[in-house]
Amino acid sequence: MSAFFLAHESLIRLAAFGGVLLAMAVWEAAAPCRARRFERRARWWTNIAMSAAGTALVRLSLPVAAVGTAHWAAEAGFGLFNRIEAPAPLAFLLTLVALDLTIYGQHVAFHRFDLLWRMHRVHHADPDIDTTTGIRFHPAEILVSMLVKMLAVALLGAPVAAVVVFEIALNATSLFNHANISLGKRIDPLMRLALVTPDMHRVHHSIFRDEHDMNFGFNLSIWDRLFGTYRKSPREEQRSMRIGLDAYPGSEPTRLLWSLALPFVGAARAPSPAGATGREKTE
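What you are looking at is a predicted structure, and each value in this text was computed from that prediction instead of being measured.

### Quick word on the overall build of the protein
Stage number 1. Counting secondary structure elements, the protein contains 13 helices and 0 strands.
Stage number 2. Seen in sequence order, the protein has helices and strands lined up from the N terminus as α-α-α-α-α-α-α-α-α-α-α-α-α.
Stage number 3. In terms of C-alpha radius of gyration, the protein reaches 19 Å, essentially the compact-globule figure of 19 Å for 283 residues.
Stage number 4. Over its C-alpha atoms, taken along the principal directions, the protein stretches across nearly 50 × 45 × 35 Å.
Stage number 5. Taking all 283 residues of the protein together, 49% fall into the buried category.
Stage number 6. Sequence separation of 24 or more characterises 76% of the internal contacts of the protein that already satisfy a separation of 6 or more.
Stage number 7. Total accessible area computed for the protein in this model is approximately 13,200 Å², and 68% of it derives from carbon and sulfur atoms.
Stage number 8. Once the 29 positive and 24 negative side-chain charges of the protein are each reduced to a mean point, those two points are 4 Å apart.

Shown next, in the form of structure tokens:
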């Protein structure tokens, strides 16, 4: 089974990614939650191109990625689940939970440390939010994220199949919880007891810093509740709340070259107390 996942990882992930992206795009077109500020074509090109560039950077920079690291750990007998006797289903489940916690912690770090925020603000600068925002990450951030996942996978001795499933789930849930949709007042509260919903994650893209420094989860909502970073709703109504970073209110973030250059220009945001708008210096 591990050999199958390793041999067909790219095809499996690409098929899952394409299917979820198409489903979310159709859903957004049929029942959008919010009106767009900017024309979709330019934004989609920029967001998808950055994701592709990040994938290429990982492929060129690293001899193996997360799945390859899991295979190496199994062959070398390295990591927790390769050292202890644990039922395969339990190791599989605990790997999914541990990797999700890792991504939560990584996300918090990208907001807390200025060097990491320089990269991550490219994601938050998107002036609209839809399913492609879920893959709008600077290539440098994608590379750093992969290194973090590889380290976690190695230390866990994570099963190959669990890593493939986690990677698919991470991509799928990111496309889902960034989508320009709403599950409604009945379904959303029930679903977010376990999973991050679009209305829950949209708070994280608010222009207000005390809101975009909350709701860090991608898959499971428990981490935000457990660590005190959960916010139920934005101060502004979901359909009209302001999205993005107020230092970049124009159409510049919809441009590919501008977005790629953003980590290297200007200054990191100044510290601000809860309730501040999170304005960035633009010197």
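### Examining unusual backbone geometry
Stage number 1. Phi angles above zero are rare outside glycine, and N215 is one such case at about 55 degrees.
Stage number 2. Residue position: N215 is located in the loop between helix 11 (209–212) and helix 12 (222–226).
Stage number 3. With relative accessibility at 1%, the residue N215 sits in the buried group.

### Points about the nonpolar core
Stage number 1. Membership of the largest hydrophobic core comes to 24 residues, with the highest contact counts inside it found for L62, L99, M146, V153 and V163.
Stage number 2. Among the elements that take part in this core, helix 7 (residues 139–156) stands out by supplying 6 residues, more than any other.
Stage number 3. Leaving out residues up to four positions away in the same chain, L62 has contacts with L143, M146, L147 and M150.
Stage number 4. By size, the runner-up hydrophobic cluster in this structure holds 7 residues, among which are M50, V122, L245 and Y248.

### Considerations on the packing of aromatic side chains
Stage number 1. Across all of its chains, the model carries 4 aromatic pairs by this definition.
Stage number 2. For the pair W72 and F78, a centre-to-centre distance of 5.4 Å together with 45 degrees between the ring planes defines the contact as tilted.
Stage number 3. Given the relative accessible area of 45%, W72 is considered partly exposed.
Stage number 4. Classification of F78 by relative accessible area gives partly exposed; the value is 33%.

### Overview of the pattern of salt bridges
Note that side chains of opposite charge can pair when their charged atoms are close.
Stage number 1. Counting across every chain of the model gives 12 salt bridges.
Stage number 2. D188 is the partner of R192 in a salt bridge, and the nearest nitrogen-oxygen pair spans 2.9 Å. In terms of burial, R192 and D188 fall into one category: buried.
Stage number 3. E211 is the salt-bridge partner of R231, the closest N and O atoms lying 3.2 Å from each other.

What counts as what
Residues numbered from 1 in each chain as written. Predicted model: local features only at pLDDT ≥ 70, side-chain atom pairs only at ≥ 80, totals over all residues. Heavy atoms only, no water. Helix = DSSP H or I, 4+ residues; strand = E, 2+ residues; numbered from the N terminus. Rg over C-alpha atoms; globule rule 2.2 N^0.38 Å. Buried < 20%, exposed > 50% of the residue type's maximum accessible area, 1.4 Å probe, protein only. Contact = heavy atoms within 4.5 Å. Areas by Shrake-Rupley, 256 points an atom, 1.4 Å probe, with all protein chains shown as cover. Lys, Arg positive; Asp, Glu negative; His and termini not counted. Charge placed at Lys NZ, Arg CZ, Asp CG, Glu CD. Core = buried A, V, L, I, M, F, W, Y, C linked by side-chain atoms within 4.5 Å. Phe/Tyr/Trp six-rings, centres within 6.5 Å; stacked < 30°, edge-to-face > 60°. Salt bridge = Lys/Arg side-chain N within 4 Å of Asp/Glu carboxyl O.

All we've got here are geometric facts, nothing functional implied.
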